[in-house]
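What follows is the residue order along each chain.
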Amino acid sequence: TAILILNGPNLNLLGTRQPDVYGHTTLADIEAMCRNKAKALGVELGFGQSNHEGTLVDEIHAARGLYNGIILNAGAYTHTSVALRDAISSVELPMIELHLSNVHAREEFRHTSFLSAIAVGVICGFGAKGYGLALEAMVGHLETAG
Ligand code: DQA
């Protein structure tokens, strides 16, 4: 079993970016934590980040055949991108939508997600810990689905 964690725009700046909202944990810290968690769960892990919508689309396409599920923190593209939604629908891989912050407690424009309707589930508001929760949730989903 292999799971891809894909991060969208501005998440490369985690640690210094609005720490009051997103915390002090860097994306490298999160990746290390996820690699430990994946090892403990007995699954392979891919981990990526891009600031570019088309690159994220390409990475979702490339995931087909390599991964069994995708955990996607699409950042701001969550609220704007039909292309990312279509990419996920096209590869037919189960996807968990993830956000560090509780998007529903923030600005109105963050309350809308193009991804939620095609997600297995959504995790938001638990900060960096959400990544570990999402990994557990995906492994559990794949066990019952497959
Ligand atoms: C985010 C929430 C989005 O609204 C925002 O644009 C981000 C990060 C989160 O992880 O909380 O870039 O996805």
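All values derive from a computational prediction rather than experimental measurement. (Residues numbered from 1 in each chain as written. Predicted model: local features only at pLDDT ≥ 70, side-chain atom pairs only at ≥ 80, totals over all residues.)

### A closer look at the sheet that holds strand β5 (residues 121–124)
Logical step 1: Overall, parallel pairing links the 5 strands, which are arranged β2-β1-β3-β4-β5 in an open sheet. Each end of this open sheet is capped by a strand with a single partner; those strands are β2 (44–49) and β5. If you compare each strand with its neighbour and ignore which way they point, the axes differ by 20° on average.
Logical step 2: In this sheet, strand β3 (residues 69–73) lies alongside strand β1 (residues 2–7) in parallel orientation, the contact comprising 5 bridges. When the sheet's bridge partners are listed, Asn 7 is paired in β3 with Asn 73. (Pairing = 2+ DSSP bridges. Helix = DSSP H or I, 4+ residues; strand = E, 2+ residues; numbered from the N terminus. Axes fitted to C-alpha atoms, helices over the stretch in contact; angles between N-to-C directions.)

### Side note on the packing of helix α3 (residues 53–63) against helix α4 (residues 82–91)
The description of two packed helices rests on the angle between their axes and on the distance between the axes.
Logical step 1: Between α3 and α4, the least distance of the axes is 9 Å, while the angle of their chain directions is 5°. One way to sum up the angle between α3 and α4 is to call them roughly parallel. Between α3 and α4, the contacting residues are Glu 53, Leu 56, Val 57, Ile 60, His 61 and Ala 63 on the first element and Ala 83, Leu 84, Ala 87, Ile 88 and Val 91 on the second.
Logical step 2: Residues that form the contact of α3 with α4 fall into these classes: 9 nonpolar, 1 polar and 1 charged. (Parallel < 35°, antiparallel > 145°, perpendicular 65-115°, else oblique. Contact = placed C-beta atoms within 7 Å. Nonpolar A, V, L, I, M, F, W, Y, C, P; charged D, E, K, R; others polar.)

### Description of the confidence of the model for the protein chain
Logical step 1: For the protein chain, the mean per-residue pLDDT works out to 97, and 99% of the residues sit at or above 70.
Logical step 2: Prediction confidence for the complex, expressed as pTM and ipTM, is 0.97 and 0.99 respectively. (pLDDT = per-residue confidence, 0-100.)

### Examining the nonpolar core
The nonpolar side chains of a soluble globular protein tend to be buried with one another.
Logical step 1: One finds Ile 3, Ile 70, Ile 71, Leu 72, Ala 134 and Leu 135 to be the most contacted residues of the largest nonpolar core, which totals 30 residues.
Logical step 2: Those elements giving two or more residues to this core turn out to be β1, α2 (27–41), α3, β3, α4, β4 (95–99), β5 and α5 (129–145).
Logical step 3: When residues no more than four places from it in sequence are discounted, the contact partners of Ala 134 are Ile 71, Ile 96, Leu 98 and Ile 123. (Core = buried A, V, L, I, M, F, W, Y, C linked by C-beta atoms within 7 Å. Buried ≥ 20, exposed ≤ 12 C-beta atoms within 10 Å, placed from the backbone.)

### Considerations on the site of the ligand
Logical step 1: Close to the ligand lie Asn 10, Asn 73, Gly 75, Ala 76, Thr 78, His 99, Leu 100, Ser 101, Val 103 and Arg 110, which account for all nearby residues.
Logical step 2: In terms of residue class, the shell around the ligand is made up of 3 nonpolar, 6 polar and 1 charged. (Near = placed C-beta within 6 Å.)

### What to know about α4
Because the α-helix completes a turn every 3.6 residues, residues three or four places apart line up on one side.
Logical step 1: What α4 keeps buried is the set Leu 84, Arg 85, Ala 87 and Ile 88. Each buried residue of α4 sits inside an arc of 160° when the element is viewed along its axis, so together they form one side. Exposed and facing more than 90 degrees away from the buried side of α4 are Val 82 and Ser 90.
Logical step 2: Against the buried residues of α4 lie α3, β3 and β4. (Arc of directions from axis to C-beta.)

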